[in-house]
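Chain by chain, the residues:
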Amino acid sequence: MYESFFGLSREPFSVAPDPRFLYLSQQHRDALGYLNYGLRRAGGFVLLTGEIGAGKTTVWRSFLEQLPAGLDVAYVVNPKMSVQALLKRLCESLQVELPPDADRPGAEADLIDALHGHLLLSHAQGRRTLVVVDEAQALALPVLEQLRLLTNLVTNEDKLVQVLLIGQPELRQLLEHPELAPVAQRIVARFHLKALSRDETEAYVVHRLTVAGLMGPLPFDDEAIRRVHRLCQGTPRRINVLCDRALTLACERGQHRVDKALVDQAAAEVFDLPALRNRPLQAVRWLAGGAVGAAVLFGLTQWGPFGPARPAATSALATAASAASVPVEASSAPPATPARPSVLAMAPHANPADPLAPLFVHPLNEAQAWQRLAALWQVQLPASDAPCASAPAAGLRCHTSLGGMGAVRLLDRPGWLTLTTPEGRSTRVLLRRLKGDEAELDTGDGRALTVPLLKIASAWRGEFNTLWRSPPDTPGDGLLVADGPTGIWLAERLARLDGGRPQDDAASLADRIRAFQIAQGLKADGLPGPLTLMRLNHATGVEEPRLDGNPR
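Residues numbered from 1 in each chain as written. Predicted model: local features only at pLDDT ≥ 70, side-chain atom pairs only at ≥ 80, totals over all residues. Heavy atoms only, no water.

Before going further, it helps to spend a moment on the overall build of the protein. For the protein, the count of helices and strands is 19 helices and 11 strands. Of all 552 residues assigned to the protein, the portion counted as buried reaches 46%. Long-range pairs, those at least 24 residues apart, make up 67% of the contacts in the protein between residues at least 6 apart in sequence. As displayed, the protein has an accessible area near 26,400 Å², and 54% of this comes from carbon and sulfur atoms. (Helix = DSSP H or I, 4+ residues; strand = E, 2+ residues; numbered from the N terminus. Buried < 20%, exposed > 50% of the residue type's maximum accessible area, 1.4 Å probe, protein only. Contact = heavy atoms within 4.5 Å. Areas by Shrake-Rupley, 256 points an atom, 1.4 Å probe, with all protein chains shown as cover.)

This is the structure we're talking about:
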């Protein structure tokens, strides 16, 4: 395998679900929010749809890990079943004792009675039941109707069962069937997962490689990433398959960089795209022809009437002619090229075309980076070795995240990054804005510089430092408590979002915080830590700088 060749500790693009590689784009977080909203409605159907490989299982697994403790889940993985088989499966999943002769024809009524008794007992114990059906587009109409009837089981106040349907887009079409109008009318929340955008595809690839242990530059160049997105149409599962094969081919050839041609060849193999099979060969032949032309021009200028004969010209001409006349195999390794020094290691007066070079001309130290950042919050921090110690006096707190670009987009605020060369040179740069697949950075002398995100990834280890506006009377450790003024502030902020009471006891407030965290794709611990408060500020309109340049 290619892991050791690229310096990875594990396989980055396995199609097997692994929570360590969980990547939640903005729409995946939105989907979690909708699922959580539907769950709070405590009845009816919740619908999650998306194309094959769009990440429905990823969302569901994340949702499952964050469900409250008082919820029983019955999971149906094989929807191609009869009504009786469905009822038996639910009984088994919920550990309900099956009635005698549960397999005999016409035993549906007995099974429903057994389920109803169990659900009433669970409700009396303060528990709720969620039925989850995966690949629900394969459900027969009678089975869907039976699920609807289960959602009709109620007490005087509450419904006893809620149903989550997960399926491909055909599920939405199925629910438009006239016979299923009663089911469609009971859908309390729905979300359709679309494909990843170009930027999300890049972030997805970077995320998986980082989790797999990548410490050096991203092995995919800009054109390769764009090609991956176009060929995979933003579908995570296809991205995994294609990137895995591309890295395998690169390893076999001894290449540490994956380009567009290599992505095309990988796609031809794993997606069976005949139109792409000969592209690498054609590209090599075209380059060989171009080399002949370049060598002839070089020879004319060095060996013709403009100067004396030079052995280098003869060698170049002979080499190019040989390359053009000898058939080139698509699988042959490319000729070795001289090692090129890292663009980050160049001196300040080096290649002006390098997009990162200006950032190393006037390097900032840590205190200067915090001062530049605080100025965006209209705050002046003292020039000291510990500027963050002075930030609380201005109502601000420092925060450091290690989550890479995914965390940057989640926090949605300016911050500073440390860029480091392989030789150990480093500088701190202020990230002001994100614009598509580019970032606007400040050079050390205060000029704005727009740089492709992929260029930053080659020198950045994922650490992001930022500021956030803390509520009044925040304790010194920055962690709010449910009692006193900070608890009142929390309850009032949450009330703007969930319609709850502006004042609440500690236990109820923790439950509301947990629901907010689930909706935001955060760890649902019920504690108002910095990440939760930053997202709460964002959701309730606390004025802070944003990465689109518009404070709000």
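From this point, the discussion proceeds with the structure in view.
In this section: the sheet that holds strand S10 (residues 448-452). Taken in spatial order, the 6 strands make up an open sheet running S6-S11-S7-S8-S9-S10, and their pairing is antiparallel. Strand pairing shows two members of the sheet lacking a second neighbour, strand S6 (396-401) and S10, which therefore form its edges. Direction aside, the axes of adjacent strands within the sheet are offset by 35 degrees on average. Bridge count for strand S7 (residues 415-420) against strand S8 (residues 426-435) is 6 bridges, and the pairing is antiparallel. Counterpart to leucine 419 in the pairing with S8 is threonine 427. (Pairing = 2+ DSSP bridges. Axes fitted to C-alpha atoms, helices over the stretch in contact; angles between N-to-C directions.)

The next thing to look at is the packing of aromatic side chains. Applying the stated criterion across every chain yields a total of 7 aromatic pairs. Centre to centre, the rings of tyrosine 23 and tyrosine 204 are 5.7 Å apart; their planes meet at 75 degrees, and the pair counts as edge-to-face. Separated by 181 residues along the polypeptide, tyrosine 23 in the segment before helix H1 (26-40) and tyrosine 204 in helix H8 (residues 198-211) bring together distant segments of the chain. In this structure, tyrosine 23 and tyrosine 204 share a single accessibility class: buried. On the numbers, 5.5 Å between centres and 90 degrees between planes, the contact of tryptophan 370 with tryptophan 416 is edge-to-face. Separated by 46 residues along the polypeptide, tryptophan 370 in helix H14 (residues 366-376) and tryptophan 416 in strand S7 bring together distant segments of the chain. An identical accessibility class is assigned to tryptophan 370 and tryptophan 416; each is buried. Site record: aromatic cluster; members linked through ring pairs are Tyr2, Phe5 and Phe6. If you follow arginine 238 out to its NZ or CZ, it ends over the ring of phenylalanine 271, 4.0 Å from the centre. (Phe/Tyr/Trp six-rings, centres within 6.5 Å; stacked < 30°, edge-to-face > 60°. Lys NZ or Arg CZ within 6 Å of the ring centre and 35° of its normal.)

Mapped onto the secondary structure, proline 219 falls in the loop between H8 and helix H9 (222-232). In contact with proline 219, other than residues within four places in its own chain, are Phe6, Leu209, Leu214, Leu247, His256, Arg257 and Val258.

Moving on: the nonpolar core. With 36 residues, the main nonpolar core has Leu147 and Leu165 as its most contacted residues. Residue assignment for this core shows that the elements contributing at least two residues are strand S1 (44-50), strand S2 (71-76), helix H3 (83-93), helix H4 (108-124), strand S3 (128-133), helix H5 (141-151), strand S4 (161-167) and helix H6 (170-174). No other element matches the 5 residues that H3 contributes to this core. Leucine 147 has contacts with Phe45, Leu86, Val131, Val133, Leu139, Val163 and Leu165, leaving out every residue within four places of it along the chain. Counting 35 residues, the second-largest nonpolar core is a separate cluster that includes Phe13, Leu196, Leu242 and Ala267. (Core = buried A, V, L, I, M, F, W, Y, C linked by side-chain atoms within 4.5 Å.)

This part is about the sheet that holds strand S5 (residues 187-193). Strands sit in the order S2-S3-S4-S1-S5 across an open sheet of 5 strands; the sheet is parallel. A single partner strand is all that each edge strand has here, and the edge strands are S2 and S5. Ignoring which end each strand starts from, the neighbouring axes of this sheet average 15 degrees apart. As paired strands, S3 and S4 are joined by 5 bridges and run parallel to one another. The residue of S4 that forms the bridge with valine 132 is leucine 164. The sheet strands contacting H5 are S1, S3 and S4, and the helix crosses S4 at an angle near 150 degrees.

Okay, H8 next. Residues spaced three or four apart along an α-helix face the same direction, because each turn holds 3.6 residues. Spanning 14 residues, H8 covers 20 Å between terminal C-alpha atoms, matching the ideal 20 Å at 1.5 Å per step. Among the 14 residues in H8, 11 count as buried, and that is most of the element. Those residues of H8 not exposed but buried are Arg198, Asp199, Glu200, Thr201, Glu202, Ala203, Tyr204, Val205, Val206, Arg208 and Leu209. On its buried face, H8 sits against H1, H9, helix H10 (236-253), helix H15 (404-411) and helix H16 (453-457). Positive backbone phi, at 105 degrees, marks glycine 213, one or two positions downstream of H8. (Expected span 1.5 Å × (residues − 1).)

Further remarks concern the packing of H8 against H10. One way to put it is that H8 packs onto H10 with a least axis distance of 11 Å and a crossing angle of 60 degrees. On the basis of the axis angle, H8 is oblique to H10. In this structure, H8 crosses over H10, and the sense of that crossing is right-handed. Along its contact with H8, which presents Thr201, Tyr204, Val205, Arg208 and Leu209, the element H10 presents Pro236, Ile239, Asn240, Cys243 and Leu247. Looking at the contact of H8 with H10, its residues break down into 7 nonpolar, 2 polar and 1 charged. (Parallel < 35°, antiparallel > 145°, perpendicular 65-115°, else oblique. Left-handed = near helix turned anticlockwise from the far one by under 90°. Nonpolar A, V, L, I, M, F, W, Y, C, P; charged D, E, K, R; others polar.)

Further remarks concern a nonpolar patch on the surface. On the surface, a cluster of nonpolar side chains totalling about 200 Å² of accessible area is made up of Val15, Val241 and Val270. A relative accessible area of 55% places valine 15 in the exposed class. (Patch = residues over 30% accessible without salt bridge, like charges linked within 9 Å, V, L, I, M, F, W, Y side chains within 5 Å. Salt bridge = Lys/Arg side-chain N within 4 Å of Asp/Glu carboxyl O.)

Turning next to the environment of aspartate 72. Note that aspartate 72 resides in strand S2. The spatial distance from the C-alpha of aspartate 72 to the C-alpha of serine 122 is 8.8 Å, given a sequence separation of 50 residues. Discounting residues that sit within four places of it in the chain, aspartate 72 has contacts with Leu94, Ser122, Arg127, Arg128, Thr129 and Leu130. A distance of 2.7 Å separates the side chain of aspartate 72 from the side chain of arginine 127, its partner in a polar contact. (Polar contact = N/O pair within 3.5 Å; in protein donor to acceptor, adjacent residues only side chain to side chain.)

Per-chain confidence: the protein averages 77 in pLDDT, with 79% of residues scoring 70 or above. Low pLDDT, under 50, characterises residues 279-352; the predicted model gives this stretch 58 contacts beyond four residues in sequence or across chains. (pLDDT = per-residue confidence, 0-100.)

Direction vectors running N to C along H8 and H9 enclose 110 degrees, while the axes themselves pass 9 Å from each other. Taken together, the axis directions place H8 and H9 in an arrangement best described as roughly perpendicular. As H8 runs across H9, the sense of the crossing is right-handed. Together, Arg198, Thr201, Glu202 and Val205 of H8 and Asp222, Ile225, Arg226, Val228 and His229 of H9 make up the contact between the two elements. Considered class by class, the residues forming the contact of H8 with H9 number 3 nonpolar, 2 polar and 4 charged.

The buried fraction of S4 amounts to 7 of the 7 residues, a majority that puts the element mostly inside the structure. Covered by surrounding structure in S4 are Val161, Val163, Leu165 and Gly167 together with Gln162, Leu164 and Ile166, the residues of both alternating faces. The sheet contact formed by S1 and S4 spans 6 bridges and is parallel. Bridge assignment links threonine 49 to a residue of S4, and that residue is glycine 167.

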